[in-house]
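# Chains, contacts and geometry: an overview
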Amino acid sequence: MKIILYIIQKEFKQIFRNKGMLPIIFVLPLIQLIILSNAATFEVKNIKFGFIDNDRTSTSRALVQKFNASTYFDVSTDFPSEVLASSAMLKREVDVILEIPHYLERDLQKEKHINLGVTINAIDGAAAGVENVYVTQIIQNFSKHLKVDLLQPSDKQVQPINIETIPLFWYNETLNYKTFMVPGILVLLVTMITLFLSGMNIVREKEIGTLEQINVTPIKKNQFIIGKLFPFWVLGMTLLTIGLIIAKLIFDVPMVGSLLLMYLYTSIYILVVLGIGLFISNFTETQQQAMFIAWFFIVIFILMSGLFTPIESMPKWAQVITEFNPIKYFVEVMRMVMLKGSGFIDIFPQLIKTLLYAFIMNGLAVWSYKKTN
Amino acid sequence: MKRFIGFIKKEFYHIFRDRRSLFILFGMPIAQILLFGFAITNEINNVDIAILDHSKDATTKEIINRIAASKYFSIKQMVTHEANIASVFQKGHVKAVLNFEKDFSKNLIKDHKATVQIIADATDPNTANTISNYVNAILQQYQKELNKDITIVYQIVPETRMVYNPELKSVYMFVPGVMTIILMLVSAMMTSISITREKELGTMEILLVSPLKPFQVIIGKVFPYIFLSIINAVVIVMLSIFIFNMPVQGSLFLLALESVLFIISALALGILISTISATQQTAMMISLMGLMLPVILLSGFIFPISSMPLPLQVISNIIPAKWFIIIIKGIMLKGVGLQFVWKETLILLGMTVFFIALSVKKYKIRLE
């Protein structure tokens, strides 16, 4: 026990002595949390809207006015021709172009059916889908009101069937992305810091040559690993705590469920990450290799965590891969406990899987640390 | 010049001798682009939903069948009571519950109106919103069929044309992004490590006392990595064309030139990082911790920049990756030429020059 304490003491001293690293460990992640959480939004707003009005009647102007009035659309440009409009789209000056045909008003009265041309820049397919919904809604609304204004006595009115849908957004009524992204980004930052630090740790001693000095001491393998693990575990938990305080104070993120449960889960989760890091560290020969491998896994962990894109939409084989992604479990648990108030029983499967994962990774870390060459 | 060539040779030897790093360097980007190209999508498929049907009549059955038949949803379970919805959500699999009101068919016939609630688990706001839109679309379609005998007066129908990506594939969005992230991080990481490594091992002193000029040392260090990154870029572009069917509407030559420019700017950033950090550890932490999330979040790779708050839109301008993503999307998907992306190109060029100038200025030719 005493031996472990000495190793822990040594590790802490090394962390706090490296003045260049301290701000990277403690300040950089928190600044990123505060700034970047605002960036992660799929909301589509400030859509750059342009129109070509070939009709120029009160009806067509009223339609354009509807778009101007909408909060989603921004900077309405009046294009004299289609050529100019397409070239503006190439230059990214406009996202959506509405083309109003000649004789809109006249044909409406005569034929009662009109097609409007809508062109959407669809490189970002998801955003284009949402833009399409907005455009359709505005036009439908407009034509509904037209019925009242232009209705002639000869038009007999039959009431159509109407299935009304009422969307209810539970746990996050305003669809606020921050409630969801702030804790998520916090997890990413804590994971990155702890994985990189632990991943570089042992291999650094290898490179400098101090590992041999430790190898000739009576320190046992598991003592060594525990001694290496603990300081980073404390560091990760500290960072998470500061991050949660920021989440509460600055972003007012709701914390519905038990905070204790969240901490219980996190304490196991960080062990998984550290186990992976130490395993990488033992397995590699230089810090460079260790970092490349850590980078490889962290990018996969981040992009396949379900934080930015839904896991259910991935192909089956990719979903199987995500089963090995610790961040995925953390994101799930965080959403469940903090936002929905799920209890111990609900997160039990994730808890068990994470615990198992922690045992395997740390077992591998102990196993792969060889005291003799 | 001969000395310089000798120096570059040394660098190549260093790289090729470390087989494991080399394998990682080329293997990882390929693995990542394949994985992400197939796996990452923000389309919605097979989302688990539950049904709470208070009427259980012919109309609700028909609607449920239609929803079950769509590829977006799979019906996971039936809920019997409102009180159970919360516990269903708390288990975490079901993302939405459709709640049909009592006497659905009857109300439709009598009042021409019936209501269905879409209760979505909005802890993931994007999925919740998309689910609501898709369910709505299915119901609208059904409603239209019910109403087909009634001519509705004054119909304005938008005919939407999705340009540059008619099938709304998210691959078109993600492949350029992944390519940018890989090039950016690998390039910046490689140079920053290779220079600080010499510092840490003490061999930098030997280079400093050699007749090589400081900028020759830097260029000699970077040159092999330009070469490696270009190979990486070529492999990635080939994969995106042949495996993900990304079109290259514009000029391949321009795409190559822009990629080289971006690689050089990322490498220059790596040099800058190495000049301000003393150890490999610091260099790596800056290039990984400092670059990874900003590049992923502020480059427009996943999240649309135009929807961000104004200060962040301003900050996003200093991310080189943002400009490169605009350029490659322009060339590959829109088929634009230099006359449409000269501004972005100029910005990238300016950044590169700035990084290089700053690192030459910061580069210490003396020991502490």
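Residues numbered from 1 in each chain as written. Chains lettered and ligands numbered in written order. Predicted model: local features only at pLDDT ≥ 70, side-chain atom pairs only at ≥ 80, totals over all residues.

Right, let's talk about the overall build of chain A for a bit. Of the regular secondary structure elements, chain A holds 14 helices and five strands. Taking 373 residues into account, the globule formula puts the C-alpha radius of gyration at 21 Å, and chain A, at 29 Å, lies well above it. With the C-alpha coordinates aligned to their principal axes, the bounding extent of chain A is approximately 100 × 45 × 40 Å. Taken over 373 residues, chain A has a buried fraction of 46%. A separation threshold of at least 6 residues defines the contact pool for chain A, and within that pool the share at least 24 residues apart is 81%. (Helix = DSSP H or I, 4+ residues; strand = E, 2+ residues; numbered from the N terminus. Rg over C-alpha atoms; globule rule 2.2 N^0.38 Å. Buried ≥ 20, exposed ≤ 12 C-beta atoms within 10 Å, placed from the backbone. Contact = placed C-beta atoms within 7 Å.)

So, on to the environment of Ile67 of chain B. Residues and elements named next belong to chain B. Mapping Ile67 onto the fold places it in helix α3 (residues 58–69). Residue class for Ile67 comes out buried when judged on the 20 C-beta atoms lying within 10 Å of it. For the pair Ile67 and Thr80, spaced 13 residues apart in sequence, the C-alpha separation works out to 19 Å. Residue contacts for Ile67: discarding those within four places in its chain leaves Phe73, Ile75, Val135 and Ile138.

On to the domain arrangement of chain B. Split by domain assignment, chain B resolves into domain 1 (2–40 + 168–362) and domain 2 (47–146). Once you take the C-alpha centre of each, domain 1 of chain B and domain 2 of chain B turn out to be 47 Å apart. (Domains from an automatic or database assignment.)

Among the nonpolar cores identified, the biggest contains 219 residues, and Phe196 of chain A together with Leu185, Met189 and Leu288 of chain B are the most heavily contacted of them. Among the elements that line this core, the one with the most residues is helix α7 (residues 171–201) of chain B, at 18 residues. Discounting residues that sit within four places of it in the chain, Phe196 of chain A has contacts with Ala294 of chain A together with Met285, Leu288 and Met289 of chain B. (Core = buried A, V, L, I, M, F, W, Y, C linked by C-beta atoms within 7 Å.)

Let us look at the sheet that holds strand β5 (residues 162–170) of chain A. Strand pairs in the sheet, formed through backbone hydrogen bonds, run parallel or antiparallel to each other. Pairing within the open sheet is mixed, and its five strands lie in the order β5(A)-β4(B)-β3(B)-β1(B)-β2(B). Of all strands in the sheet, those with a lone pairing partner are β5 of chain A together with β2 (73–78) of chain B, marking the two edges. Taken over all neighbouring pairs, the strand axes of this sheet differ in orientation by 25° on average, direction set aside. Its contacts with the sheet put α3 of chain B on β1 (47–53), β2 and β3 (96–100) of chain B, and the angle it makes with β2 of chain B is roughly 130°. Across the sheet, helix α6 (residues 125–146) of chain B lies against β5 of chain A together with β1, β3 and β4 (113–121) of chain B, angled at about 170° from β5 of chain A, the strand it touches most. (Pairing = 2+ DSSP bridges. Axes fitted to C-alpha atoms, helices over the stretch in contact; angles between N-to-C directions.)

Turning to the interface of chain B and chain A, a few remarks are in order. Between chain B and chain A, the contact holds 102 residues from the first and 101 residues from the second. Ranked by residues supplied to the side of chain B that touches chain A, first place goes to α6 of chain B with twelve residues. For the side of chain B that touches chain A, the per-class residue count stands at 60 nonpolar, 31 polar and eleven charged. Of the pairings in the sheet, the one linking β5 of chain A to β4 of chain B comprises nine bridges and is parallel in character. Looking at the pairing, Ile166 of chain A lines up with Gln117 of chain B of β4 of chain B. (Nonpolar A, V, L, I, M, F, W, Y, C, P; charged D, E, K, R; others polar.)

The next thing to look at is the confidence of the model for chain A. The predicted model of chain A has a mean per-residue pLDDT of 85, with 96% of residues at 70 or higher. Summarising per-element confidence for chain A, the mean pLDDT is lowest in β5 of chain A (78) and highest in helix α10 (residues 259–283) of chain A (92). (pLDDT = per-residue confidence, 0-100.)

What follows is about unusual backbone geometry. For Arg56 of chain A, which is not glycine, the phi dihedral falls at a positive 50°. Taking the C-beta count within 10 Å as the criterion, Arg56 of chain A has 12 such neighbours and is therefore assigned exposed. Located in the positive-phi region is Asn245 of chain B, a residue other than glycine, with phi close to 55°. Summarising the element assignment, Asn245 of chain B is placed in the loop between α9 (214–242) and α10 (252–276).

All names here are of chain B. Between the first and last C-alpha of α7 there are 43 Å, a value that for 31 residues agrees with the 45 Å anticipated at 1.5 Å per step. The buried fraction of α7 is high, at 29 of 31 residues. Of the residues flanking the end of α7, it is Gly202, one or two places downstream, whose phi is positive at about 90°. (Expected span 1.5 Å × (residues − 1).)

A word on the packing of helix α9 (residues 221–249) of chain A against α10 of chain A. Two numbers describe a pair of packed helices, the interaxial angle and the distance between the axes. Residue and element names in this part refer to chain A. Between α9 and α10, the shortest axis-to-axis distance is 9 Å and the interhelical angle comes to 130°. One finds that α9 runs oblique with respect to α10. The two elements α9 and α10 cross, and the hand of that crossing is right-handed. Each of Ile225, Lys228, Leu229, Phe232, Trp233, Gly236, Met237 and Leu240 in α9 lies in contact with α10, whose residues at this interface are Thr266, Ser267, Ile270, Leu271, Leu274 and Leu278. (Parallel < 35°, antiparallel > 145°, perpendicular 65-115°, else oblique. Left-handed = near helix turned anticlockwise from the far one by under 90°.)

This next bit is on the domain arrangement of chain A. What the domain assignment reports for chain A is domain 1 (7–40 + 177–368) and domain 2 (47–150). One C-alpha centre belongs to domain 1 of chain A, the other to domain 2 of chain A, and the line joining them spans 49 Å.

Their axes nearest at 11 Å, the elements helix α7 (residues 178–208) of chain A and helix α11 (residues 280–290) of chain B cross at an angle of 155°. Taken together, the axes of α7 of chain A and α11 of chain B lie roughly antiparallel to each other. For α7 of chain A against α11 of chain B, the interelement crossing comes out right-handed. Between α7 of chain A and α11 of chain B, the contacting residues are Met192, Ile193, Phe196, Met200 and Arg204 of chain A on the first element and Gln281, Met284, Met285, Leu288 and Met289 of chain B on the second.

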